[in-house]
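Here is how the chains run, residue by residue.
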Amino acid sequence: MDPQAAKLFGAGLAAIGAGLAALGVGNVFGSFLEGALRNPGAADGQQGRLFIGFAAAELLGLLSFVVAMILIFVA
Amino acid sequence: MAEAGKVDPMHQFTIEPMFGTDQWQIAGYQIPFTNSALWMGIATLALLVFVWGGMKRQLVPGRWQMAVESMTGFVDGMLASNIGPAGKKYVPYIFSLFMFILFANVLGLMPLALVPGLHPFTFTSHFSATGVLAILSFSIVLVVGFWKHGFHFFSLFVPHGTPLPMIPLIFCIELVSFLVRPFSLGLRLFVAMMAGHVLLEVLSGFVISGLNAGVGIGSVVSLLSFTLMIGICALEILVAGVQAYVFALLTSIYLNDAENLH
């Protein structure tokens with residue numbers, strides 16, 4: 001395969017990771033909402049943990065973006 | 001990568017010397033005053049004006065003082081819930097960090113390019129800027145941890161109640177997860193801001209090439225892209241706030257580890 005084509009192909013494959021991270025982020029907020037609607041009184045106190053979970057899930061998706069950018073512009 | 005006639009989405013991140021300072025040198029290294037430094041200065045200035053406007057200490061606060069007080073109260077509450085009473089002394093640092101990143105992110109999204117010759121620059125979309133902020137936070141964690149607990153700080157890497165045969169393995173895992181913190185902290189902010197700006201630029205490229213393609217198909221493509229762009233802009237403002245909040249929140253959680261071990 002042409003090296004340039006292989007790079008772009010790899011960057012496209014790396015974009016799958018962004019979609020998978022979307023599942024993770026959606027799961028974080030969905031589960032939070034599910035719990036928050038059952039016990040709205042406790043919801044406000046857990047907002048910090050919500051964003052920690054969001055940050056952890058999001059970071060892995062952002063890493064796939066970094067991989068794609070490195071493949072296109074650096075490698 | 002960009003061919004002629006296409007919008008290059010990475011061009012907006014170029015760091016350029018400003019005001020003819022590209023020949024400034026310190027010890028043989030070229031240290032010009034760049035657009036990145038300019039926008040850091042603008043963010044600092046905006047932050048100073050914002051806080052100064054709320055320092056009148058009126059008994060019945062006006063709107064401006066209320067805005068500043070709600071921000072400090074927000075950071076204060078975050079530290080109190082994450083660190084406890086010992087978190088009070090970190091309020092100035094976390095407040096400056098949070099507001100600096102927030103102002104930088106929001107200023108970079110402002111549609112200032114409508115004024116000809118003016119290009120807003122988001123310096124938080126560069127790892128050199130966010131990495132330094134992350135290293136600063138990490139150094140404070142290390143200094144506080146070793147100052148307060150001495151070599152007992154290493155008990156952070158062995159949680160309570162770990163079975164004896166598991167200790168070497170857990171120690172290595174915890175050590176790696178501790179050492180990777182400054183990278184993940186800086187990387188998250190920089191990549192989130194960069195990805196958002198690339199996305200906006202790619203969509204605006206669609207609008208322009210749609211208009212160039214003619215009236216029929218062009219109006220459909222351009223209109224759809226433009227509508228999507230408005231939505232993404234709103235999302236980016238949200239992301240700017242959330243990323244500043246996450247940076248401050250994670251810093252306060254790491255400070256909690258240093259302050260209270262676990």
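Please read all numbers here as calculations on a predicted model, not as lab measurements. (Residues numbered from 1 in each chain as written. Chains lettered and ligands numbered in written order. Predicted model: local features only at pLDDT ≥ 70, side-chain atom pairs only at ≥ 80, totals over all residues.)

## Digging into the overall build of chain B
And then number 1: Broken down by element type, chain B carries seven helices and two strands.
And then number 2: Listing the helices and strands of chain B from first to last along the sequence gives β-β-α-α-α-α-α-α-α.
And then number 3: Based on the C-alpha atoms only, the size of chain B along its principal axes is roughly 70 × 55 × 45 Å.
And then number 4: A total of 262 residues make up chain B; the buried ones form 25% of that total.
And then number 5: In chain B, once contacts between residues fewer than 6 apart in sequence are set aside, the share between residues at least 24 apart is 62%. (Helix = DSSP H or I, 4+ residues; strand = E, 2+ residues; numbered from the N terminus. Buried ≥ 20, exposed ≤ 12 C-beta atoms within 10 Å, placed from the backbone. Contact = placed C-beta atoms within 7 Å.)

## Observations concerning the overall build of chain A
And then number 1: Within chain A, the secondary structure is distributed over three helices and zero strands.
And then number 2: Starting at the N terminus and ending at the C terminus, chain A contains elements arranged as α-α-α.
And then number 3: Expected size for 75 residues packed as a compact globule is a radius of gyration near 11 Å; at 17 Å, chain A overshoots this value by more than 25%.
And then number 4: The principal-axis extent of the C-alpha atoms belonging to chain A is close to 60 × 15 × 10 Å.
And then number 5: Expressed as a percentage of its 75 residues, the buried residues of chain A come to 11%.
And then number 6: Here the contacts in chain A between residues at least 6 apart in sequence split such that 91% fall between residues at least 24 apart. (Rg over C-alpha atoms; globule rule 2.2 N^0.38 Å.)

## A closer look at helix 4 (residues 127-149) of chain B
All names here are of chain B.
And then number 1: When the terminal C-alpha atoms of helix 4 are compared, their 32 Å separation across 23 residues agrees well with the 33 Å that a helix rising 1.5 Å per residue should span.
And then number 2: Each element contacted by the buried residues of helix 4 is listed here: helix 1 (35-53), helix 3 (91-109), helix 6 (181-212) and helix 7 (216-260).
And then number 3: Downstream of helix 4 by one or two residues, glycine 150 has phi in the positive range, about 60°. (Expected span 1.5 Å × (residues − 1).)

## Focus: the nonpolar core
And then number 1: Counting 45 residues, the largest nonpolar core has Ile94, Phe98, Ile101, Ala244, Phe247 and Ala248 of chain B as the members making the most contacts within it.
And then number 2: Put simply, the parts of the chain that give this core at least two residues each are helix 3 (47-74) of chain A together with helix 1, helix 2 (63-82), helix 3, helix 4, helix 6 and helix 7 of chain B.
And then number 3: Of the residues forming this core, the biggest block, eleven residues, is contributed by helix 7 of chain B.
And then number 4: Those residues in contact with isoleucine 101 of chain B, other than ones at most four positions away along the chain, are Thr124, Leu189, Ala244 and Phe247 of chain B. (Core = buried A, V, L, I, M, F, W, Y, C linked by C-beta atoms within 7 Å.)

## A word on the packing of helix 1 of chain B against helix 3 of chain B
Axes are the key here: two packed helices are described by the angle between their axes and the distance separating the axes.
All names here are of chain B.
And then number 1: Their axes nearest at 9 Å, the elements helix 1 and helix 3 cross at an angle of 120°. Helix-helix and strand crossings are classified by hand; for helix 1 and helix 3 the assignment is right-handed. For the pair helix 1 and helix 3, contact is made by Trp39, Ile42, Ala43, Ala46 and Leu47 and by Met99, Phe100, Phe103, Ala104 and Leu107, respectively. (Axes fitted to C-alpha atoms, helices over the stretch in contact; angles between N-to-C directions. Left-handed = near helix turned anticlockwise from the far one by under 90°.)

## Points about the interface of chain B and chain A
And then number 1: The interface is formed by 13 residues belonging to chain B together with ten residues belonging to chain A.
And then number 2: With five residues, the single largest contributor to the side of chain B that touches chain A is helix 6 of chain B.
And then number 3: Tallied by class, residues from the side of chain B that touches chain A come to nine nonpolar, three polar and one charged. (Nonpolar A, V, L, I, M, F, W, Y, C, P; charged D, E, K, R; others polar.)

## Structural notes on the packing of helix 2 of chain B against helix 3 of chain B
Residue and element names in this part refer to chain B.
And then number 1: It is at 10 Å that the axes of helix 2 and helix 3 come closest, and there the two elements cross at 120°. Between helix 2 and helix 3, the crossing angle belongs to the class labelled oblique. As for how helix 2 packs across helix 3, the hand of that crossing is right-handed. Seen from helix 2, the contacting residues are Met71, Thr72, Val75, Asp76 and Leu79; seen from helix 3, they are Val91, Ile94, Phe95, Phe98 and Met99. (Parallel < 35°, antiparallel > 145°, perpendicular 65-115°, else oblique.)

## Examining the environment of glycine 205 of chain B
Residue and element names in this part refer to chain B.
And then number 1: Assignment of secondary structure puts glycine 205 in helix 6.
And then number 2: The partly exposed category is assigned to glycine 205, around which 16 C-beta atoms lie within 10 Å.
And then number 3: In the structure, glycine 205 is positioned 150 residues away from methionine 55 in sequence and 44 Å away in space, judged by C-alpha atoms.

## Re helix 7 of chain B
And then number 1: For helix 7 of chain B, with 45 residues, the first-to-last C-alpha span of 65 Å sits near the 66 Å given by 1.5 Å per residue.
And then number 2: Looking one or two residues beyond helix 7 of chain B, the residue adopting positive phi is leucine 261 of chain B, at roughly 50°.

## Considering the environment of glycine 24 of chain A
And then number 1: As for its placement among the helices and strands, glycine 24 of chain A is situated in helix 1 (residues 3-38).
And then number 2: On the basis of neighbour counts, which here come to 16 C-beta atoms within 10 Å, the residue glycine 24 of chain A falls in the partly exposed class.

## Some remarks on the environment of isoleucine 217 of chain B
All names here are of chain B.
And then number 1: Relative to the helices and strands, isoleucine 217 resides in helix 7.
And then number 2: Its 10 C-beta neighbours within 10 Å are what place isoleucine 217 among the exposed residues.
And then number 3: Expressed as a C-alpha distance, the spacing of isoleucine 217 and threonine 72, which sit 145 residues apart in the sequence, is 51 Å.

## A few points about the confidence of the model for chain A
And then number 1: When pLDDT is averaged across chain A, the result is 87; 100% of the residues are at 70 or more.
And then number 2: Confidence, read as mean pLDDT per element, is least for helix 3 of chain A in chain A (85) and greatest for helix 1 of chain A (91). (pLDDT = per-residue confidence, 0-100.)

## Focus: the confidence of the model for chain B
And then number 1: When pLDDT is averaged along chain B, the result is 85; 96% of the residues meet or exceed 70.
And then number 2: The ipTM value of the predicted complex is 0.76, and its pTM value is 0.85.

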